[in-house]
Amino acid sequence: MLDDIQKKYIKKESNYGAENYKPLPVVLSKAKGVWAWDVNNNKYLDMMSGYSAVSHGHAHPELLKVFHEQSAKLSLTSRAFHTDQLGPYLETLSKISGFEMALPMNSGAEAVETAIKSARRWAYRVKKIKPNTAEIIVAAGNFHGRTTTIISFSDEGNAKDDFGPLTPGFITVKYGCADSIENAINENTAAVLIEPIQGEAGIIVPPENYLPKVREICTKHNVLMILDEIQSGLGRTGKLFAFQHACTGCDCAVNECKWQPDGLILGKALGGGFIPVSCFLSTKEVLRNMSPGSHGSTFGGNPLASAIGKRSLELLYEDNLIENSRIMGDYFKQSLLNLNSKIIKEVRGKGLWLGVEIDPKYISGKDLSLMCLDHGILCKETHETTIRYAPPLIITEEELSWGIDKISTVLKKVEKVAA
Ligand SMILES: Cc1ncc(COP(=O)(O)O)c(C=O)c1O
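Residues numbered from 1 in each chain as written. Predicted model: local features only at pLDDT ≥ 70, side-chain atom pairs only at ≥ 80, totals over all residues. Heavy atoms only, no water.

Description of the site of the ligand
Right, so step 1: Ser-107, Gly-108, Ala-109, Phe-143, His-144, Gly-145, Glu-195, Glu-200, Asp-228, Ile-230, Gln-231 and Lys-268 make up every residue found near the ligand.
Right, so step 2: In this structure, a nitrogen atom belonging to the ligand sits 2.6 Å away from a side-chain N or O atom of Asp-228.
Right, so step 3: For the ligand, an oxygen atom lies 2.8 Å from a polar atom in the side chain of Lys-268.
Right, so step 4: The fraction of the free accessible surface of the ligand (390 Å²) that becomes covered by protein chains is 81%.
Right, so step 5: For the shell around the ligand, the per-class residue count stands at three nonpolar, five polar and four charged. (Near = heavy atom within 4 Å. Polar contact = N/O pair within 3.5 Å; in protein donor to acceptor, adjacent residues only side chain to side chain. Areas by Shrake-Rupley, 256 points an atom, 1.4 Å probe, with all protein chains shown as cover. Nonpolar A, V, L, I, M, F, W, Y, C, P; charged D, E, K, R; others polar.)

Digging into the environment of Glu-346
Right, so step 1: Relative to the helices and strands, Glu-346 is located in strand β11 (residues 344–349).
Right, so step 2: Exposure remark for Glu-346: the relative accessible area of 39% places this residue in the partly exposed category.
Right, so step 3: Considered as a pair, Glu-346 and Gly-50 are 296 residues apart in the sequence and their alpha carbons are 23 Å apart.
Right, so step 4: Once residues lying within four places of it in the same chain are set aside, the contact partners of Glu-346 are Gly-355, Val-356 and Glu-357.
Right, so step 5: One polar contact links Glu-346 to Arg-348, side chain to side chain, over a distance of 2.9 Å. (Helix = DSSP H or I, 4+ residues; strand = E, 2+ residues; numbered from the N terminus. Buried < 20%, exposed > 50% of the residue type's maximum accessible area, 1.4 Å probe, protein only. Contact = heavy atoms within 4.5 Å.)

What to know about the sheet that holds β11
The strands that make up a sheet pair up through hydrogen bonds in the backbone, lying either parallel or antiparallel.
Right, so step 1: Here four strands make up an open sheet; going across it, the order is β11-β12-β15-β14 and the pairing antiparallel. A single partner strand is all that each edge strand has here, and the edge strands are β11 and β14 (380–382). Going across the sheet, the axis of each strand differs from the next one's by a mean of 35°, ignoring polarity.
Right, so step 2: Pairing of strand β12 (residues 354–358) with strand β15 (residues 386–389), which is carried by four bridges, proceeds in the antiparallel orientation. (Pairing = 2+ DSSP bridges. Axes fitted to C-alpha atoms, helices over the stretch in contact; angles between N-to-C directions.)

A word on empty space enclosed by the protein
Right, so step 1: One pass over the full model with this rule turns up one cavity of 30 Å³ or more.
Right, so step 2: Volume-wise, the largest cavity comes out at about 40 Å³.
Right, so step 3: Lining the largest cavity are Leu-336, Ile-344, Val-356, Ile-358, Leu-368, Ile-387, Tyr-389, Ile-407 and Leu-411.
Right, so step 4: Elements with a contribution of two residues or more to the lining of the largest cavity: β12, β15 and α14 (397–418). (1 Å grid on protein atoms, 1.4 Å probe; cavity = no way out; pocket = protein on both sides within 12 Å on 5 of 7 lines; lining within 4 Å. Points joined across faces, edges and corners; volume = space filled by probe spheres on them.)

A short note on the nonpolar core
Right, so step 1: Membership of the largest hydrophobic core comes to 75 residues, with the highest contact counts inside it found for Phe-332 and Tyr-389.
Right, so step 2: For this core, the element with the most residues is α14, which contributes six residues.
Right, so step 3: Taken together, domain 1 (4–56 + 321–418) and domain 2 (61–318) each give at least three residues to this core, which thus spans both.
Right, so step 4: Other than its neighbours up to four places away in sequence, Tyr-389 contacts Met-47, Phe-332, Leu-352, Trp-353, Leu-354, Val-356, Cys-372, Ile-377, Cys-379 and Ile-407.
Right, so step 5: In this structure, Leu-103, Ala-191, Phe-280 and Met-290 belong to the second largest nonpolar core, which totals 28 residues. (Core = buried A, V, L, I, M, F, W, Y, C linked by side-chain atoms within 4.5 Å. Domains from an automatic or database assignment.)

Considerations on the domain arrangement of the chain
Right, so step 1: As far as domains go, the chain holds domain 1 (4–56 + 321–418) and domain 2 (61–318).
Right, so step 2: Distance from the C-alpha centre of domain 1 to the C-alpha centre of domain 2: 27 Å.
Right, so step 3: Domain 1 puts 28 residues into the contact, and the matching count from domain 2 is 29 residues.
Right, so step 4: Buried area between domain 1 and domain 2, both sides added, is near 2,300 Å², and the carbon and sulfur share of it is 60%.
Right, so step 5: Taken as a group, His-56, Ile-322 and Trp-353 account for 34% of the area that domain 1 buries against domain 2, more than any other trio of residues on that side.
Right, so step 6: Where domain 1 packs against domain 2, one counts one salt bridge.
Right, so step 7: Measuring nitrogen to oxygen at the nearest pair gives 2.7 Å for the salt bridge that ties Glu-200 to Arg-388.
Right, so step 8: Seen at the junction of domain 1 and domain 2, the total is 19 residue pairs in polar contact (both at pLDDT 80 or more).
Right, so step 9: Considering every element that reaches the side of domain 1 that touches domain 2, the biggest residue donor is helix α12 (residues 321–338), with four residues.
Right, so step 10: Split by residue class, the side of domain 1 that touches domain 2 holds twelve nonpolar, eleven polar and five charged. (Buried area = accessible area lost by both parts, 1.4 Å probe. Salt bridge = Lys/Arg side-chain N within 4 Å of Asp/Glu carboxyl O.)

Focus on the packing of aromatic side chains
Think of a pair of aromatic rings as described by two things: how far the centres are apart, and how the planes are tilted against each other in angle.
Right, so step 1: In this structure the tally under the stated criterion is six aromatic pairs.
Right, so step 2: Summarising the aromatic geometry, the rings of Trp-35 and Trp-402 are spaced 5.1 Å apart at their centres and angled 80° between planes, so their arrangement reads as edge-to-face. With a gap of 367 residues between them, Trp-35 in strand β2 (residues 35–38) and Trp-402 in helix α14 connect regions that are remote in the sequence.
Right, so step 3: With a relative accessible area of 14%, Trp-35 lands in the buried category.
Right, so step 4: The partly exposed category is assigned to Trp-402, whose relative accessible area is 31%.
Right, so step 5: Arranged with centres 5.8 Å apart and planes meeting at 15°, the rings of Phe-241 and Phe-243 form a pair that is stacked.
Right, so step 6: For Phe-243, a relative accessible area of 0% translates into the label buried.
Right, so step 7: Above the face of the Trp-37 ring, Lys-30 is positioned so that its terminal group lies 5.3 Å from the ring centre. (Phe/Tyr/Trp six-rings, centres within 6.5 Å; stacked < 30°, edge-to-face > 60°. Lys NZ or Arg CZ within 6 Å of the ring centre and 35° of its normal.)

Concerning the side chain of Arg-388
Right, so step 1: Take Arg-388: it is sitting in strand β15.
Right, so step 2: A polar side-chain atom of Arg-388 sits 2.7 Å from a polar atom in the side chain of Glu-200.
Right, so step 3: Those residues in contact with Arg-388 that lie beyond four places of it in its chain are Met-47, Tyr-51, Gly-199, Glu-200, Ile-203, Gln-231, Trp-353, Leu-354, Cys-379, Lys-380 and Thr-382.

A word on the layout of surface pockets
Right, so step 1: If you add up the space inside the second largest pocket, you get close to 500 Å³.
Right, so step 2: Around the second largest pocket, the lining is made up of 21 residues, and of these Arg-79, Ala-102, Leu-103, Pro-104 and Met-290 lie nearest the centre.
Right, so step 3: Among the elements that make up the lining of the second largest pocket, the one with the highest residue count is strand β4 (residues 101–105) (five residues).
Right, so step 4: For the lining of the second largest pocket, the class distribution of residues is ten nonpolar, eight polar and three charged.

Listed below in structure tokens is the structure:
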């Protein structure tokens, strides 16, 4: 229940801010690790992780140190000058991801825009598509961000209504169906842009052979395969990148993976939960077409972002976050299934990225999120019937068990009312 203090903060937000979000009724004021506290010092387990941007946990001590030290030394220069941070960061990105080059940006949407522009440049300059005819194939149900071009290929009404005129050049096909991609390819196709698991759509996992087939089709038709791993990447699904799940029974390095896409988009957790850091990773063949002045951002690749990005990547391994995501994710999923709750219709997802499909006969996703909040769990529905659980990847079994207990209590209460 909201008290006067919380109401005061919420009122200020709605008086002075556009209402482009509908937050849950809680006013947070601090967080550490997997825990967050509201202004009245009530404690919550964060199972949202800033839509997967806080994978390292809140205020990770190593990242906090980098943040303090680098901002005291050199935080921003613009790309008008070189810095001693950008090169080492790009090198780390390349070595860890297996991609030859990166173009650094800030928000996820900016990195998606970068991927689109890079694909179009490559299509005109390397593939020799006729000027201004390039097409990019995308999937129904996608979520890639909020810019005018990106919403142009969203099929979410409210995301695009009355924001036109929209950007042309995108063809939408069914998600999870590789044949529909092949059927949509023509001489103007520059790229296929998809999420390896659709996050905002409700943690939709495609059939196992989807990405390998898409890879084969893209290679066959000389079309770039671009994956948006802004939410699914950097350990969230129990692998460094979600596309690696296509590799069954082998443990190949990411750059040896035969399903590696031609381009990969990262964001969210790359900023370690501190600042917006994103990038588009690809080959020299693609990114060499970007010339000075063709693209950029005042803040992209700034020294603070570079230092944080580099350390965030290293910590994925030093803190064993990817493996922990896999192990804790399996435990979480199995525990939810073991609850045998009639409220739960399905548990989807991989690693610490679960979409729990609830039966709307008993409760709405929004009301379940509110009940979870009352029981000390921060989570939020995506669409009406899916609750997304995505705790920081540092979560321990003890902390997770605490959360599962609370979720179980909530579900039992709903069942009791329904009985
Ligand atoms: C898959 C995917 N792409 C792009 C974005 C947009 O990122 P940002 O909100 O940082 O612009 C998101 C954000 O949720 C996302 O999940």
